[in-house]
Amino acid sequence: MLRDLIVKNRSCRRFYQEVGVEGQVLRELVDLARLSASAGNIQPLKFILSCESQKNALIFPHLAWAGYLEDWPGPCEGERPPAYIIILGDTEKSKSFGCDHGIAAQSILLGAVERGLAGCIIGLVQREGLRKALDIPSRYEILLVLAIGKPKETVVLETVGHGGDIKYWRSSDGIHHVPKRPLDDIILD
Ligand SMILES: Cc1cc2nc3c(=O)[nH]c(=O)nc-3n(C[C@H](O)[C@H](O)[C@H](O)COP(=O)(O)O)c2cc1C
């Protein structure tokens, strides 16, 4: 059921790095994005795929992980993503990309979860560094990076408490906790 898939689709930041994701799988995930909604049906998004350790190593240093976990610098060697999909906006097709890349990211991640994989949307990207590292032409705006792989962490959903704290946190057993606002708080009468 779609709800189960959405509940399972939690941002995952630690992976079995040694378990690769094949390029063909990444292509099939991008195909889900290709079939998704696009404002004006312009379809201005382009995608860079990476599933080889050398290319992955060029991408990783330009990503910021879990800002609320102040003592955690991000996944260590051995727990880094074995694959990435970088979502670009083609400025020759459009000057603004609306929420196309968000929709694409969700389609890709739901497809990944359906296959037993997990992922994380990374919006905090050192864009110019990544552009140089991968030699991405200036025509393409770097919108999001999706980290993808076999999950090595447990993530649980919770309800935001009366204090209203929305910060995710990690307990001493390594479980990642994500508070979500109650339904009645987000639907206006
Ligand atoms: C547009 C967007 C940008 C994000 N950027 C980052 C990021 O730079 N680094 C990171 O670790 N997580 C990032 N995330 C993941 C969020 O932190 C995550 O969605 C949030 O903590 C809720 O957890 P959940 O995805 O499991 O519901 C981003 C999510 C979205 C939607």
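Refer to the structure printed above.
All figures in this text were calculated on a predicted structure; none of them were measured in a lab.

Draft legend 1. Looking closely at the site of the ligand. Every one of the 14 residues lining the ligand counts as a neighbour, but R10, S11, R13, A66 and K180 are closest to it. Residue R10 places a side-chain N or O atom 2.7 Å away from an oxygen atom belonging to the ligand. Residue G123 places a main-chain N or O atom 2.9 Å away from a nitrogen atom belonging to the ligand. Contact with the protein chains removes 68% of the 620 Å² of surface that the ligand exposes when unbound. If you list the elements that add at least two residues to the shell around the ligand, you get β3 (118-122) and β7 (176-180). Among the elements that take part in the shell around the ligand, β3 stands out by supplying 3 residues, more than any other. Looking at side-chain class alone, the shell around the ligand contains 9 nonpolar, 2 polar and 3 charged residues.

Draft legend 2. Summary view of the sheet that holds strand β1 (residues 45-50). Here we have 4 strands laid out as an open sheet, ordered β1-β2-β4-β3, and antiparallel in their pairing. Either end of the sheet is taken by a strand with one partner, and the two such strands are β1 and β3. For this sheet, the mean angle separating the axes of adjacent strands, direction not counted, is 25°. Both β1 and strand β2 (residues 83-90) contribute to a ladder of 6 bridges, which runs antiparallel. Each bridged residue has a counterpart across the sheet, and for I48 the counterpart in β2 is I86. Against the sheet, helix α2 (residues 23-34) makes contact with β1, β2 and β4 (140-149), and its axis sits at roughly 160° relative to β1, the strand it touches most. Of the strands in this sheet, β1, β2, β3 and β4 touch helix α4 (residues 100-114), which is tilted by about 15° from β4.

Rules of the game
Residues numbered from 1 in each chain as written. Predicted model: local features only at pLDDT ≥ 70, side-chain atom pairs only at ≥ 80, totals over all residues. Heavy atoms only, no water. Near = heavy atom within 4 Å. Polar contact = N/O pair within 3.5 Å; in protein donor to acceptor, adjacent residues only side chain to side chain. Areas by Shrake-Rupley, 256 points an atom, 1.4 Å probe, with all protein chains shown as cover. Helix = DSSP H or I, 4+ residues; strand = E, 2+ residues; numbered from the N terminus. Nonpolar A, V, L, I, M, F, W, Y, C, P; charged D, E, K, R; others polar. Pairing = 2+ DSSP bridges. Axes fitted to C-alpha atoms, helices over the stretch in contact; angles between N-to-C directions. Contact = heavy atoms within 4.5 Å.

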